[in-house]
Amino acid sequence: MTNISSEGTQIEIGSLSDSSLSEVLGLYKGNNIIIVVDENTHDLCLEYLITSFPALEKSEIILLPNGEENKVMEVCMQVWNAFSEYGFGRKDLVLNLGGGMVTDMGGFLASVFKRGMDFIHVPTSLLAMVDAAVGGKNGIDLGPYKNQLGTIIKAKNVFIDAAFLQTLPEKEFYNGYAEMLKYGLVYDEALFNELSSFKTEDDFNRLDIIEKCVQIKVDISDGDLFEKGERKLLNFGHTFGHAIEGFKLQTEPISHGHAVGIGMCAECYVSMTRGLLSKDDFHKIQALLIKTYPFLTFTEECIQAIISLMYNDKKNEGGKIFCVLLQAIGKGSYHNELSEKEIREALLHISLLSESLN
Ligand SMILES: NC(=O)c1ccc[n+]([C@@H]2O[C@H](COP(=O)([O-])OP(=O)(O)OC[C@H]3O[C@@H](n4cnc5c(N)ncnc54)[C@H](O)[C@@H]3O)[C@@H](O)[C@H]2O)c1
């Protein structure tokens, strides 16, 4: 069992049966424990959790519909109404069992209800393990705009047990992989090199790499919980990525990791054209991203729509669009203003690459 201490949160990585979950549940004896799941984690993860911890047998289960399109206020309202009907209160505990959709939304549900209930995360997707469950950002989407409503309040505990990854569909690993690559690219060249050499599915289950990613997220986010400075680095790939994801959400949704994979290439392209990132490093990164994430073609109309979405990015300041750029592999820089021309050129570059491969 590895313990990672993060201000306000205890993170444990290893088998749940060796963790302190039993003791944590004991703190809520006599109170309700509410387990939030989506349809998949209900069917594939809940039994393992409940059979390991008898204290959970009488828990109330809140079932969310699967998918990012359900990370919305309408679903929250239904859940809060159910919380009220059951008479849940501030001394109760919410346990979020799922991927980033469940941890983001479950954290938001708990942190807002009756001005805040305690909540803990048991992430079940690679993305949630290495990123979403750590760092205190909870939230939901507002139409095509990602994570526009939310709170920054940390889970009391995070229990990361790689056993849950056994049922995770292969394509979902690439979502987590995008966020892992992000850590390597902005912060840790050795991690990027290690991730670049991933070959088999087993590589994704490597606890040492999961631990390294969690530690980076904690190191960066602990010192800057409200994202005034260094934490902005973790938005690498997300200025383009969120807008692409939001744009596609209206027609044919693509996964968060897929959008971030393309977004990282676009932001590397801007870094290279500004002379910050060397051409060699750019081509090394681009080659890895293009073989991992199918690139998309953007018409002029799409580009315009994506730029409009970028103007509503929550990281903007004074109506200007900012993004993270790379100075080298392992060295990100934040607070770089982006021009519309650069955005258009980067999306056209992605389109050309995509067309050349089809
Ligand atoms: N809060 C943060 O700091 C942060 C950081 C990164 C991403 N996010 C958010 O995370 C979300 C994406 O997370 P995600 O990729 O985990 O999405 P997700 O939660 O939708 O999970 C992806 C799919 O995998 C299924 N699944 C999860 N665990 C499973 C398991 N063990 N076995 C079988 N199926 C399983 C889910 O039901 C879903 O169908 C996005 O909403 C993104 O905005 C938040």
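In case you missed it, the structure is sitting above this.
1. Description of the site of the ligand
Stage number 1. By nearness alone, 29 residues border the ligand, and D38, E68, T124, S125 and T167 come closest of all.
Stage number 2. Between a nitrogen atom of the ligand and a side-chain N or O atom of T124, the distance comes to 2.7 Å.
Stage number 3. Here S125 contributes a side-chain N or O atom positioned 2.6 Å from an oxygen atom of the ligand.
Stage number 4. Protein contacts shield 92% of the accessible area of the ligand, which totals 860 Å² for the unbound molecule.
Stage number 5. For the shell around the ligand, the secondary-structure elements that each account for two or more residues are helix 2 (39-44), helix 5 (100-112), helix 6 (126-132), strand 8 (145-152) and helix 7 (170-187).
Stage number 6. Looking at the shell around the ligand residue by residue, the class counts come to eight nonpolar, 11 polar and 10 charged.

2. Let's talk about helix 4 (residues 73-86)
Stage number 1. The terminal C-alpha atoms of helix 4, which comprises 14 residues, lie 20 Å apart, in line with the 20 Å expected from a rise of 1.5 Å per residue.
Stage number 2. Among the residues of helix 4, those classed as buried are V75, C76, V79, W80, A82 and F83. Each buried residue of helix 4 lies within a common arc of 155° when the element is viewed along its axis, so the set occupies one face. Along helix 4, exposed side chains directed more than 90 degrees from the buried face belong to E74, Q78 and E85.
Stage number 3. Structurally, helix 4 contributes buried residues whose contacts are with strand 3 (33-38), strand 4 (60-64), strand 5 (93-98), helix 5 and strand 7 (137-142).

3. Looking at the packing of helix 7 against helix 13 (residues 279-292)
Stage number 1. In the contact formed by helix 7 and helix 13, the axes pass within 12 Å of each other and the chain directions differ by 170°. If you check the angle between helix 7 and helix 13, you find them roughly antiparallel. Two secondary-structure elements touch here, helix 7 through Y174, Y177, L181 and L185 and helix 13 through I285, L288, L289 and T292.
Stage number 2. Here the contact of helix 7 with helix 13 is built from residues that sort into seven nonpolar, one polar and no charged.

4. Regarding the layout of surface pockets
Stage number 1. Here the second largest pocket defines a volume of roughly 170 Å³.
Stage number 2. Lining the second largest pocket are L25, Y28, K29, G30, N31, N32, I33, A55, K58, S59 and E60.

5. Let's talk about the nonpolar core
Stage number 1. Counting residues in each nonpolar core, the largest one holds 123 residues, and the members touching the most others are F83, L97 and I244.
Stage number 2. Not counting the four nearest positions on each side in its chain, F83 is found in contact with I34, I62, F88, V94, F113 and M117.

6. Some details on empty space enclosed by the protein
Stage number 1. Evaluated as defined, the whole model comprises two cavities of 30 Å³ or more.
Stage number 2. Around the largest cavity sit P144, Y145, K146, Q148, T239, H242, A243, L309, M310, N312, D313 and K314, which together line it.
Stage number 3. Sorting the residues of the lining of the largest cavity by element identifies strand 8, helix 11 (238-249) and helix 14 (300-310) as the ones contributing at least two each.
Stage number 4. Grouping the amino acids of the lining of the largest cavity by side-chain chemistry returns five nonpolar, four polar and three charged.
Stage number 5. Shared between two domains, the lining of the largest cavity holds at least three residues of each, these being domain 1 (2-167) and domain 2 (170-357).
Stage number 6. Taken as a whole, the second largest cavity spans an internal volume of roughly 30 Å³.
Stage number 7. Every residue along the wall of the second largest cavity is listed here: S6, T9, I11, A133, V134, G135, G136, K154, A155 and V158.

Basis of the calculations
- Residues numbered from 1 in each chain as written.
- Predicted model: local features only at pLDDT ≥ 70, side-chain atom pairs only at ≥ 80, totals over all residues.
- Heavy atoms only, no water.
- Near = heavy atom within 4 Å.
- Polar contact = N/O pair within 3.5 Å; in protein donor to acceptor, adjacent residues only side chain to side chain.
- Areas by Shrake-Rupley, 256 points an atom, 1.4 Å probe, with all protein chains shown as cover.
- Helix = DSSP H or I, 4+ residues; strand = E, 2+ residues; numbered from the N terminus.
- Nonpolar A, V, L, I, M, F, W, Y, C, P; charged D, E, K, R; others polar.
- Expected span 1.5 Å × (residues − 1).
- Buried < 20%, exposed > 50% of the residue type's maximum accessible area, 1.4 Å probe, protein only.
- Arc of directions from axis to C-beta.
- Contact = heavy atoms within 4.5 Å.
- Axes fitted to C-alpha atoms, helices over the stretch in contact; angles between N-to-C directions.
- Parallel < 35°, antiparallel > 145°, perpendicular 65-115°, else oblique.
- 1 Å grid on protein atoms, 1.4 Å probe; cavity = no way out; pocket = protein on both sides within 12 Å on 5 of 7 lines; lining within 4 Å.
- Points joined across faces, edges and corners; volume = space filled by probe spheres on them.
- Core = buried A, V, L, I, M, F, W, Y, C linked by side-chain atoms within 4.5 Å.
- Domains from an automatic or database assignment.

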